[in-house]
Structure formats: C-alpha cells, structure tokens
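# Residue-level structure breakdown
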Amino acid sequence: MSQLPPAIFLMGPTAAGKTDLAIELTKVLPCELISVDSALVYRGMDIGTAKPSKEILAEFPHRLIDILDPAESYSAADFRRDALEAMADITARGKIPLLVGGTMLYYKALVEGLADMPAADPEVRAQIEEEAARLGWQALHDQLALIDPQSAARIHPNDPQRLSRALEVYRVSGQSMDKVRKVLKQPLRDCNNCPILSRTWPLLRQIARYCTSELNKDSL
C-alpha cells in the first residue's frame, strides 16, 4: 500500500461480526484497533455487549476497552479526546487506526466535532434538582419552554436528565443548547479519505446465536 488511509471505520450493530472482520483486517493491513463502544469502556461489562474474549484481546489488543469503573462517567467528548490521542499515536508509528464498534454517537462526535458545551456545574445541578423536588419536572419544563423553546419541544417533561442538562447549559452560559451547539470544534481532518465499512447484512441467525451464547455464560 503506497499511502495509508488516515483511519478505517468499521461500523455495525451488535452481533454483526465486526470483531471477526477487524481481526482479519489486522492480518493483511498494518492496523491497530480502537474500540468505539460506550459499554466496553467499562470494566466488568462482559454480558450483552459482545466484548471480545480475553484471549482475543491478548492477541489483538483493542484500545478504549476496560478503561473505567462503571461508577465513572464517560461522554462523547471524552471518547473523542481519547480516540484522537490513540489515532495520533498509532499513525505516528506508521500504522492505520482501525476504529471498530457500534456507538454511532461516538463516530459522529469524532468525525464532525463537538460543540464546546459548558462543563457540568454541581451547584447549578443541585439547584435544579431541588427545584424539581419542590415544583416538579413539569414546572421546570415550562421554564425551559420560555428560555429555550426548541429544546423544550424536543425534550419530554419526563426526561429529567436531558431537561436538567438543557436548563444547566442556559443558566451557566446564558445561551440555549442550539446556540451553543452551533459552535463546533474542528472536525476530523482528511475524513473523506477514511474507508468506511458497514456490517449490516441479514443478522437474524447471528443475533440468535449471539443471544444464546450470552444467556449460557456462567456468570448468569
């Protein structure tokens, strides 16, 4: 290969056979693997996630697997930071970053960039939680409709996590979610030169075999 691509993206749903294909690619291309999965970043998430076996991970290491305790939070922005760092390291050693997984939000964040959203503010969040306990989430949704009608139209009153975040962003920045999101960080360079492979062919039999295997695991 005269010129290596900046990266290869291998995407698809659970049980599509992404790991098997990724391993085959590493045998014919100078690739190193980066997991793109919001569950596999956590240690102990071994059932229902199609995590590669310990034997596979030992022979074909995947970055960004088993890096956090389940009690820790990990956002799309965290993934983008870690993935870009891993990609730079792999590329610097003359290899191709092969990103494999099915968390499309992570792919989107990596390729398109993310808005520079305000960091979480524990004091503001506590204030919102107190108001919700006292007034109810519907009252807070009514507040959001006055200051950020577009977000209020998207967020249901019974979705406290997203509702709280929209209110927090406004109270911290003085701007609506939509206005903040319009200011994107730099998208991924040379993305148009990255091959994108998708495993989306008929999956019913594979999914049935996968579910049977998961249900038969000793830890269940």
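Each value, and the rule that gives it
Residues numbered from 1 in each chain as written. Predicted model: local features only at pLDDT ≥ 70, side-chain atom pairs only at ≥ 80, totals over all residues. Heavy atoms only, no water. Salt bridge = Lys/Arg side-chain N within 4 Å of Asp/Glu carboxyl O. Helix = DSSP H or I, 4+ residues; strand = E, 2+ residues; numbered from the N terminus. Buried < 20%, exposed > 50% of the residue type's maximum accessible area, 1.4 Å probe, protein only. Phe/Tyr/Trp six-rings, centres within 6.5 Å; stacked < 30°, edge-to-face > 60°. Pairing = 2+ DSSP bridges.

On to the pattern of salt bridges. Summed over all chains, the structure comprises 17 salt bridges. With a closest N to O distance of 3.3 Å, Glu-24 and Lys-27 form a salt bridge. Taken together, the positions of Glu-24 and Lys-27, both in helix α1 (residues 18-28) and three residues apart, correspond to about one turn of that helix. Assessed through its relative accessible area of 54%, Lys-27 is described here as exposed. One salt bridge in this structure joins Lys-51 and Asp-46, with 2.8 Å as the shortest N-O distance. On the basis of relative accessible area, Asp-46 is assigned to the partly exposed category, the value being 36%.

Turning to the packing of aromatic side chains, a few remarks are in order. With the rule as written, the count across this model stands at three aromatic pairs. Consider the rings of Phe-9 and Tyr-107, whose centres lie 5.7 Å apart with planes at 70°: the pair is edge-to-face. Within this pair, whereas Phe-9 is found in strand β1 (residues 8-11), its partner Tyr-107 is found in helix α4 (residues 104-112), the two being separated by 98 residues in sequence. Each of the two residues, Phe-9 as well as Tyr-107, counts as buried. One aromatic cluster is present, built from ring pairs that chain together Tyr-74, Phe-79 and Tyr-106.

What follows covers the pairing of strand β4 (residues 96-101). The side chains of a regular strand alternate between both faces of the sheet. The buried fraction of β4 amounts to six of the six residues, a majority that puts the element mostly inside the structure. Direction of pairing for β1 relative to β4: parallel, over a ladder of four bridges. For Ile-8, the partnering residue across the bridge sits in β4 and is Leu-98. With five bridges joining them, strand β2 (residues 31-35) and β4 adopt parallel strand pairing.

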